[in-house]
Amino acid sequence: MSEHTGISFRSLRSEAWRNLASRTTRAVLFGSIWFAVVGGSFLWDSAITADLARAADTYQRSGSSTLIVEAEGRIDGSQCESMAELPNVRAAGAIRTARLPLTPAATPGVELPTFDATPRLTRVLMGQDSHSNGVFLSAQVADAFGLTVLEPLVLQDRAVTVAGIFNFPDDGRRGELGYSALQTVPAAGSFDQCWVVVWPESDRVRSLLSSSVMVGEDLRQNPSVVSQLNSSLGATFDGESLYRSRPTAFLGYAVGATAFGLGLVAVRLRKLELAAARSIGMRPAAQACQLLLESGAWLGCASILTLATSVVVAGWLGVGVGASVVQYAVLTIGAGVLGSLAGVLLGVATINSARALAYFRDR
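A brief report on the enclosed structure follows. The written sequence of each chain sets the order in which its residues are numbered from 1. Given that this is a predicted model, residues contribute local features only at a pLDDT of at least 70 and side-chain atom pairs are listed and counted only at 80 or more, while totals for whole chains, interfaces and linings are drawn from all residues. As a rule here, side-chain values come from all non-hydrogen atoms in the structure, and water together with hydrogens is ignored.

1. Quick look at the environment of Asp 45
So, step 1. Among the structural elements, Asp 45 can be located in helix H2 (residues 27-61).
So, step 2. Whenever two N or O atoms come within 3.5 Å, that pair is a polar contact, provided that in protein one can donate a hydrogen and the other can accept it, and provided that, for residues adjacent in sequence, both atoms are side-chain atoms. Of note is the side chain of Asp 45, whose polar atom sits 2.4 Å from the side chain of Thr 248. Runs of H or I in DSSP of at least four residues are treated as helices and runs of E of at least two as strands, each being numbered from the N terminus.

2. Overview of the sheet that holds strand S8 (residues 190-198)
So, step 1. We treat two strands as partners when DSSP finds at least two bridges between them. In space, the 9 strands of this open sheet follow the order S5-S6-S4-S7-S3-S2-S8-S1-S9, with mixed pairing throughout. What marks the edges here is a single partner per strand, and that holds for strand S5 (152-154) and strand S9 (225-228). For this sheet, the mean inter-axis angle between neighbouring strands, taken without regard to orientation, is 35°.
So, step 2. Examined bridge by bridge, strand S3 (residues 114-117) and strand S7 (residues 181-184) share 4 bridges and lie parallel to one another. Looking at S7, one finds that Phe 115 is bridged to Leu 182. Only C-alpha atoms enter the line fits that serve as axes; for helices the fit covers just the stretch in contact. Angles between N-to-C directions range over 0 to 180 degrees.

3. Comments concerning the side chain of Thr 248
So, step 1. Mapped onto the elements, Thr 248 comes out in the loop between helix H7 (239-244) and helix H8 (251-268).
So, step 2. Using a relative accessible area of 0% as the deciding quantity, one classes Thr 248 as buried.
So, step 3. When neighbours within four sequence positions are excluded, Thr 248 is seen to be in contact with Trp 44, Asp 45, Ile 48 and Tyr 328. When accessible area is computed with a 1.4 Å probe and restricted to protein chains, residues below 20% of their type maximum are described as buried, those above 50% as exposed, and intermediate ones as partly exposed. Residues count as neighbours in contact if any of their non-hydrogen atoms are within 4.5 Å of one another.

Below, the structure written as structure tokens:
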């Protein structure tokens, strides 16, 4: 180390490298602790975010995000389907009880519960529009008759093609379609119910649901009713509020504070060495620069490892959650780096060459 008060950056870099190589910096120790703190916090947040995403997916798959407007014979099918153009509406379609239910030849005299549905109702049930002629069977009916898609369902008077099979499990949702058949009909005309899939949930869309009900004389006597297809998981799912109020929402502050303490400790453990350097003429600014170089080495390695881990975790969790995981990891890494560097600078500021003897006794 030079005895001159002015030290070149090259000399500082060389000194920092020697301290890293000789393990004076304790880079592996502090880098490992930093990675455990920062990486552990983002992994905790990733687990919570993934749980919220799974809960949201379960809520949608169960039919809880599907709202039903009921007004027997007073639902405008075309108006109902047009609601699919509204923001946050994934699908919309109308349905009514069929006047002529299907009677399979295999069960003579036993009618199959049959519904007329607008073409877009299949998107509500199956996630895709109907482009085929034929009937759509619930999975229970298909299993009972041993049928698959494009096979014929033999009726007493004719045979119809199975255009699709939809799942309608007994998981708390309304059961009228659990064992049923749907036949698509033009949207023009009146229906009994309008099914609308709203996600993310929107109060604005909910307020517009009744617009599919045709105005009539009995509107006041028999008002429309809005309900959920499945209410077992609650009336609403406010994912945004749940995400904002998660336990790890403010964990970044704790990470920054912990990293600050880590940077401070990394300097204070070397207070005797640093005070001795001060006593032979090393300026505080030069010493701060050297220690920032040393700290930057283990912070850089630990940050890259943390970021790489976040990318792997994001890829594993999938598209819907991955972006949030990486974003949180970047913010946490930033808080950890800034906190550590601030701790290093404060540590340098607390070194007093006049206390070198006291440091030696403490040691």
